[in-house]
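A structural walkthrough
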Amino acid sequence: MSNQNQTDRILVIASVQDLVNMIKEAVGGSLEVTYAPNQKEGLERARKDLPAIIVLGYLEPQGTAFALHRKLREGWITKNIPLLIVDIESADHPQRVLSMEEGLQMEADEYVSLHRTDGQVSVSRLAEPIARLKETLHTRLRTTANLVREAILDPDTFCVTWEQVPGRGAFEMQQEELVENARRAARRGRIHAVSVTDNPGGNPAISTEILCTEIRKLGIEPLVHLAFRDKNRNECESMLYGLAALGVRNLLLLTGDYPSSGGFMGRSKPVFDLDSVHGLQLVEMMNAGMEHEAMGKKTTLAPTDFFAGTSVSPFKQSEAELVGQYHKLKKKVDAGADFVITQLGYDARKLHEVLTWLKVNGYNTPVMSNIYVLPYGAAKIMNANQIPGCVVTDKLLEEVAQEAKASDKGRSARLARAAKIYAVAKGMGCAGAHIGGHGLTYEMVEGIIDKGEELAKDWKTLVAEFDYPQPNGFYFFERDLKTGLNLETPASRPAKTGLSPVYELSRLAHVTLFNPRSIIFKAFKPVMKRVDSSARIESIFGSMEHLAKVAMFGCMNCGDCSLFDVAFLCPMSQCPKNQRNGPCGGSHEGWCEVHPDKKCVWVRAYERLKRHKEDNSIGEYTVPPCNWELMGTPSWINFYLGRDHTAKRLGIPPVPKKPPSVERDKVKSDQKTASS
């Protein structure tokens, strides 16, 4: 889970230790109070511990405190830590923390002056000043607290986030309206966070991290969407460091839509270096204090404080798609997801299914319902599957079409529908609502909240209004006839299994050739070492292996093979998003989002595995991202010599790559001569 060390520590820097006792009295033991007696130690502790608040008192000699205050305000690490300056005036310590001239240049967040008439600390005589100090401290803590984390994790609070969709360009009205919406939400205080989508629909747009940084300054928490479509792992890590440094802490990690054709001079190259599971693992490591090695020395970075969520798409039609979603959700939760937001759909039973699945599997991860205020135009597009992952059934489309004939073109009806979903989501146990919609004003959102709260007490009577099953749609659990929702009994899985001669042959080869305990594996290992030691032999062997795997699997020659993980289907060549841990949310009725004439590779994998009663193996372990250092090298050698991810998972000891041999040097020399 997310690191919270930064929110439970106050650092006091002062020559007079009485101030420490006063701060401890003020916080009443609810927070850890640490102490530094001088400028050097205070600066070191502030940089290392990242306290929630720094309290600066008088430091010897006069002027030291002002110099330290400057360093704290200008330091990259400490500039965003709230600074409270506290004067203690008495006969024996008449000095003030700052002189009058220094006070005019003060850049602290708060200033408190305490008075006493004797040389002892008297709590009774300082009751009023300490009460003021306590209120100041609590005010600062409320300012630095992550209100989104608190709202989502608080069972008595229904968290509301409002989704904003940025557009292309830097100085367009769409960006102006987005910021104004955030400003109004901050002033009114009814919404816990404003979320900003990342290149919506795969189209280029102003960056979500820039907008979210500006939104943070308005006094409301931003929720940054991070889609792995456009950024490799280095760029993702870099962006996260920047967000952490600027105090932007809430994340929604997503696979992302496939790039559109609207990019500069055509469709951009899809990246998908990480998936959402990997992204959650990265954030978890950063929150714990990531270790890395530089110049042969291991270093642990300061921990971040991200609160990271992810998505799940329960509104899938086929058994293979839906089960795949839950297998991937298991990996996401195990990777550290702090909360889950559902994809877009209007079936109450499907929404309840997520809550039931988490409960049955022993998870207490909070779920937020995705509520989209649905006009007729958007309904038609979603019904035609032109926005991947969003489900609007024929029955719902017909209802919206009738509503659109009203004098207000269906506006009141769609707002009422959103309020009812809000009420149902709250009633069934969701932690909040993620509200969005084109042209949605703040007044509309507030109206949805007010009406939703009013209807929540009778939410069970509304469930029947959200009965939108898909044709031959599969549900993970048996239906509860009393409530119209779900029992905790898993439904039977009638889906047909797939027979593939290539798969059956591959299974046989796996048992014999790629089982570390088999005789053949043990016999082949020294052969692979010999092949690996010769550049010429390795090149010939690699070419033959690649040709065979291209014919059978469409191999991309990544060298870090995932065939074992996806029922001998290559996710690098047969999945446009290179998903190694389960399906994305964009498939439709079992068909690929990007290539609608091809079955989703994970649907095919499920059908293959189910034939052997191994369909649950999809969720057994997390597959790491591709190690691109192995690109173009023979995957058989990498497996046998313990270099790829499967070998590491199975515990095959790694064999280091040998230095270039004489033969390899000769090959390079021949190539150089030929080129000359």
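Criteria and thresholds
- Residues numbered from 1 in each chain as written.
- Predicted model: local features only at pLDDT ≥ 70, side-chain atom pairs only at ≥ 80, totals over all residues.
- Heavy atoms only, no water.
- Domains from an automatic or database assignment.
- Contact = heavy atoms within 4.5 Å.
- Buried area = accessible area lost by both parts, 1.4 Å probe.
- Salt bridge = Lys/Arg side-chain N within 4 Å of Asp/Glu carboxyl O.
- Polar contact = N/O pair within 3.5 Å; in protein donor to acceptor, adjacent residues only side chain to side chain.
- Helix = DSSP H or I, 4+ residues; strand = E, 2+ residues; numbered from the N terminus.
- Nonpolar A, V, L, I, M, F, W, Y, C, P; charged D, E, K, R; others polar.
- 1 Å grid on protein atoms, 1.4 Å probe; cavity = no way out; pocket = protein on both sides within 12 Å on 5 of 7 lines; lining within 4 Å.
- Points joined across faces, edges and corners; volume = space filled by probe spheres on them.
- Pairing = 2+ DSSP bridges.
- Axes fitted to C-alpha atoms, helices over the stretch in contact; angles between N-to-C directions.
- Patch = residues over 30% accessible without salt bridge, like charges linked within 9 Å, V, L, I, M, F, W, Y side chains within 5 Å.
- Areas by Shrake-Rupley, 256 points an atom, 1.4 Å probe, with all protein chains shown as cover.
- Buried < 20%, exposed > 50% of the residue type's maximum accessible area, 1.4 Å probe, protein only.
- Lys, Arg positive; Asp, Glu negative; His and termini not counted.

**Brief notes about the domain arrangement of the chain**
For an interface, size is often stated in terms of accessible area lost upon the parts coming together. Domain boundaries assigned for the chain yield domain 1 (9-139), domain 2 (154-480) and domain 3 (501-671). If you average the C-alpha positions of domain 2 and of domain 3, the two centres end up 34 Å apart. Counting residues at the interface gives 30 residues for domain 2, matched by 31 residues for domain 3. Regarding the contact of domain 2 and domain 3, the summed buried area is about 2,500 Å², with carbon and sulfur atoms giving 51% of it. Sorting the residues of domain 2 by area buried against domain 3 places Y258, H327 and K331 first, and these three jointly supply 23% of that buried surface. Summed over the shared surface of domain 2 and domain 3, the number is one salt bridge. Counting every contact that joins domain 2 to domain 3 gives 22 residue pairs in polar contact (both at pLDDT 80 or more). By residue number, the principal contributor to the side of domain 2 that touches domain 3 is helix α11 (residues 319-334), which donates ten residues. Its residues assigned to classes, the side of domain 2 that touches domain 3 shows eight nonpolar, twelve polar and ten charged.

**Some thoughts on the layout of surface pockets**
One number sums up the size of the second largest pocket: a volume of about 1,300 Å³. Forming the boundary of the second largest pocket are 45 residues, of which N80, R216, A244, L246 and G247 lie nearest the centre. Breaking the lining of the second largest pocket down by element, the ones donating at least two residues are α5 (127-144), α6 (147-153), α7 (173-188), α8 (208-217) and α9 (233-245). If you tally residues by element for the lining of the second largest pocket, the top one is α5, at four residues.

**Let's talk about the sheet that holds strand β1 (residues 9-13)**
If you trace the five strands from one edge of the open sheet to the other, you get β2-β1-β3-β4-β5, paired in parallel fashion. Only two strands of the sheet have a single partner each, and these edge strands are β2 (32-36) and β5 (110-115). With direction set aside, neighbouring strand axes in the sheet form an average angle of 25°. Pairing of strand β3 (residues 53-56) with strand β4 (residues 83-89) involves three bridges; the strand directions are parallel.

**Examining the sheet that holds strand β9 (residues 250-254)**
Read around the barrel, eight strands follow the order β6-β7-β8-β9-β12-β13-β14-β15 and close on themselves; strand pairing throughout is parallel. Sheet twist, expressed as the mean angle between neighbouring strand axes with direction ignored, is 25°. Pairing analysis gives four bridges linking strand β12 (residues 307-312) to strand β13 (residues 339-342), with the strands arranged parallel. Residue pairing for β13: T310 is matched across the bridge by V340. Strands β9 and β12 of the sheet are contacted by helix α10 (residues 276-288), whose axis makes an angle of about 150° with β9.

**Structural notes on a nonpolar patch on the surface**
Taken together, the side chains of V502, L505, L508 and M552 define a hydrophobic patch exposed on the protein surface, amounting to about 350 Å² of accessible area. No other element matches the three residues that helix α17 (residues 501-513) contributes to the nonpolar patch. Within the element layout of this structure, V502 appears in helix α17.

**Here we look at the side chain of K331**
Note that K331 resides in helix α11. Of the side chains bearing the opposite charge, D275 lies closest to the buried K331, which forms no salt bridge; the N-O distance is 7.3 Å. Of note is the side chain of K331, whose polar atom sits 2.9 Å from the backbone oxygen of I618. Excluding its chain neighbours within four sequence positions, the residues that come into contact with K331 are V277, N581, I618, G619, Y621 and T622.

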